[in-house]
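# Residue-level structure breakdown
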Amino acid sequence: MKTIHAGIASSMERLRLETCSDFAGLGLIDADTRKLRWHIAAGSISERTLLVEQKPTAGLSGTAIRSGRPG
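Attention in this report is confined to the structure presented alongside it. (Residues numbered from 1 in each chain as written. Predicted model: local features only at pLDDT ≥ 70, side-chain atom pairs only at ≥ 80, totals over all residues. Heavy atoms only, no water.)

### A few points about the pairing of strand 1 (residues 23-30)
Working note: regular strand, side chains alternate between the two faces of the sheet. Basically, it comes down to this: Whether two strands pair comes down to DSSP finding at least two bridges between them. We count a stretch as a helix when DSSP gives it H or I for four or more residues in a row; a strand needs E for two or more, and each element gets its number in order from the N terminus.
The pairing of strand 1 with strand 2 (residues 35-43) spans eight bridges and is antiparallel. Across the sheet, the residue bridging to Leu26 is Ile40, located in strand 2. The loop that links strand 1 with its antiparallel partner strand 2 comprises four residues; one of these, Arg34, has a positive phi angle of about 55°.

### Thoughts on helix 1 (residues 2-18)
We apply this condition: A helix's residues, less one, multiplied by 1.5 Å, set its expected span.
Over its 17 residues, helix 1 runs 24 Å from end to end, which matches the ideal 24 Å to within 8%, given 1.5 Å per residue. Looking at the residues trailing helix 1, positive phi occurs at Cys20, about 55°.

### Some remarks on the sheet that holds strand 2
Worth spelling out the cut-off: Every residue pair with non-hydrogen atoms within 4.5 Å of one another is taken to be in contact. Axis angles are defined between N-to-C directions and span 0 to 180 degrees, where every axis is a line fitted to C-alpha atoms and, for a helix, only to the segment in contact.
Strand order in this open sheet of three strands is 1-2-3, and the pairing throughout is antiparallel. Two strands close off the open sheet at either side, each with one partner strand: strand 1 and strand 3 (53-54). Here strand 2 runs beside strand 3; their pairing, made up of two bridges, is antiparallel. The partner of Arg37 across the bridge, within strand 3, is Glu53. Strand contacts of helix 1: strand 1 and strand 2, with the helix running at about 70° to strand 2, the strand carrying the most contacts.

### Observations regarding unusual backbone geometry
Operational definition: Type-normalised accessible area, obtained with a 1.4 Å probe on protein chains alone, sets the label of each residue: buried when under 20%, exposed when over 50%, and partly exposed for intermediate values.
Positive phi, normally seen in glycine, also occurs at Cys20, with a value near 55°. For Cys20, the location among the structural elements is in the loop between helix 1 and strand 1. Overall, the relative accessible area of 71% leaves Cys20 in the exposed class. For Arg34, which is not glycine, the phi dihedral falls at a positive 55°. With respect to the element layout, Arg34 can be found in the loop between strand 1 and strand 2.

So, in structure tokens, the structure goes:
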């Protein structure tokens, strides 16, 4: 599992660098709390970044999640 996590973290860092971005993150919806959380992040992050929770229907991430659903 650590190898998978390291591979994803490496890909996130590469994506961040190739897009000249300050931040790249992988957000997943926690089934228990029904909130989106950053599970892996690269770039300009603090120790609290991975603690941020968001409703899956709010903001840019909510738009991305809804984009796969029929209107």
